[in-house]
Amino acid sequence: MDSDDDLDLEQAKQPALRAVSWMAIVGAALGIAAGLLGATVFTATGITGADLPPLNATPSPSATPTPTPTPTPTETTEAGEPEPQLFAESDRVPPGQRFRLSGILPSAGDGTTLQVQVRDGDGPWDDFPVTTQADAEGKFETIVYTSRTGERGFRIIDPGSGDATPEVRVTIG
């Protein structure tokens, strides 16, 4: 009777063991497929890395933002209108950290929607996915962030008139 009970117990364990084995195999296959799909999506969208320092590197002091300068229109055009100006909160920002752009575009009227543009190196200007609005004096302020590393140029442009601020360079990373 003991041997029959042991045989029944062994036969009962086999389907359960097979089921657990198949679940592990299917789970591993789904994990690999999801990882490959995620890597493909990140590569296709340009999010490929953050250029992080090695794990054994000594930590560097975190960047402390400098106070945001307020635009002070000191230079004026022949018509007495202030020159366009753009200021960045800092000239070096860690990837993914928000930073402020502020300035003045005197030709922009109150409520004019202004487009932030970016360029890498000496390449063409591209619209950055951020807009801001000018006040009655043409002043504006916005917050931007990017994880793409390297030196990047930013400017603010009025799409209606084509008037733009001078470029400000910010090193990301």
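Above this text is the structure in question.
Right, let's walk through the structure included here. All chains use their own residue numbering, which begins from 1 and follows the written sequence. Since the coordinates come from a predicted model, pLDDT governs what is reported: local features require at least 70, and pairs of side-chain atoms require 80 or more to be given and counted, while whole-chain, interface and lining totals use all residues. Side-chain descriptors were evaluated using all non-hydrogen atoms of the structure, hydrogens and water having been removed beforehand.

## Description of the side chain of Asp158
Point 1. Structurally, the position occupied by Asp158 is in the loop between β7 (150-157) and β8 (168-172).
Point 2. Buried, partly exposed and exposed residues are distinguished by accessible area as a fraction of the type maximum, computed with a 1.4 Å probe on protein chains only: under 20%, between the cut-offs, and over 50%, respectively. Here Asp and Glu are counted as negative and Lys and Arg as positive; His is not counted, and neither are the chain ends. Every case where a carboxyl oxygen of Asp or Glu lies within 4 Å of a side-chain nitrogen of Lys or Arg is listed as a salt bridge. For the buried Asp158, which has no salt bridge, the nearest side chain bearing the opposite charge is Arg155, at an N-O separation of 12 Å.
Point 3. Residues count as neighbours in contact if any of their non-hydrogen atoms are within 4.5 Å of one another. Those residues in contact with Asp158 that sit more than four places away from it in its chain are Leu105, Ala108, Thr112, Thr113, Leu114 and Asp163. Helical segments are the DSSP runs of H or I of at least four residues, strand segments are the runs of E of at least two, and each set is numbered from the N terminus.

## With respect to the packing of aromatic side chains
Point 1. A pair of Phe, Tyr and Trp rings is counted when the ring centres sit within 6.5 Å of each other, with Trp represented by its six-membered ring. The angle between the planes then sorts it: under 30 degrees is stacked, over 60 is edge-to-face, the rest tilted. Following the criterion strictly, the structure yields two aromatic pairs and no others.
Point 2. Seen in terms of ring centroids, Phe128 and Phe154 are 5.8 Å apart; in terms of plane orientation they differ by 80°. Their pairing is edge-to-face. On the criterion of sequence distance, the pair formed by Phe128 in strand β5 (residues 126-133) and Phe154 in strand β7 is long-range, its members being 26 residues apart.

## Observations regarding the sheet that holds strand β3 (residues 99-104)
Point 1. Spatially, three strands are ordered β1-β3-β6 in an open sheet, and the strand pairing comes out antiparallel. A single partner strand is all that each edge strand has here, and the edge strands are β1 (85-88) and β6 (139-144). When strand polarity is set aside, the average angle formed by the axes of neighbouring strands in this sheet is 15°.
Point 2. Looking at chain direction, β1 and β3 are connected through four bridges and run antiparallel. The partner of Ala88 across the bridge, within β3, is Leu101. Any two strands with at least two DSSP-identified bridges between them are counted as paired. Angular values range over 0 to 180 degrees, each being the angle between N-to-C directions of two axes fitted as lines to C-alpha atoms, with helices fitted over their stretch in contact.

## A closer look at the pairing of β7
Point 1. Here β7 lies mainly inside the structure; six of its eight residues are buried.
Point 2. Bridging between strand β4 (residues 113-120) and β7 involves six bridges; their strand directions are antiparallel. Bridged to Gln117 within β7 is Arg155.
Point 3. With five bridges connecting them, β7 and β8 associate as antiparallel partners. Note that in β8 the partner of Glu151 across the bridge is Thr171.

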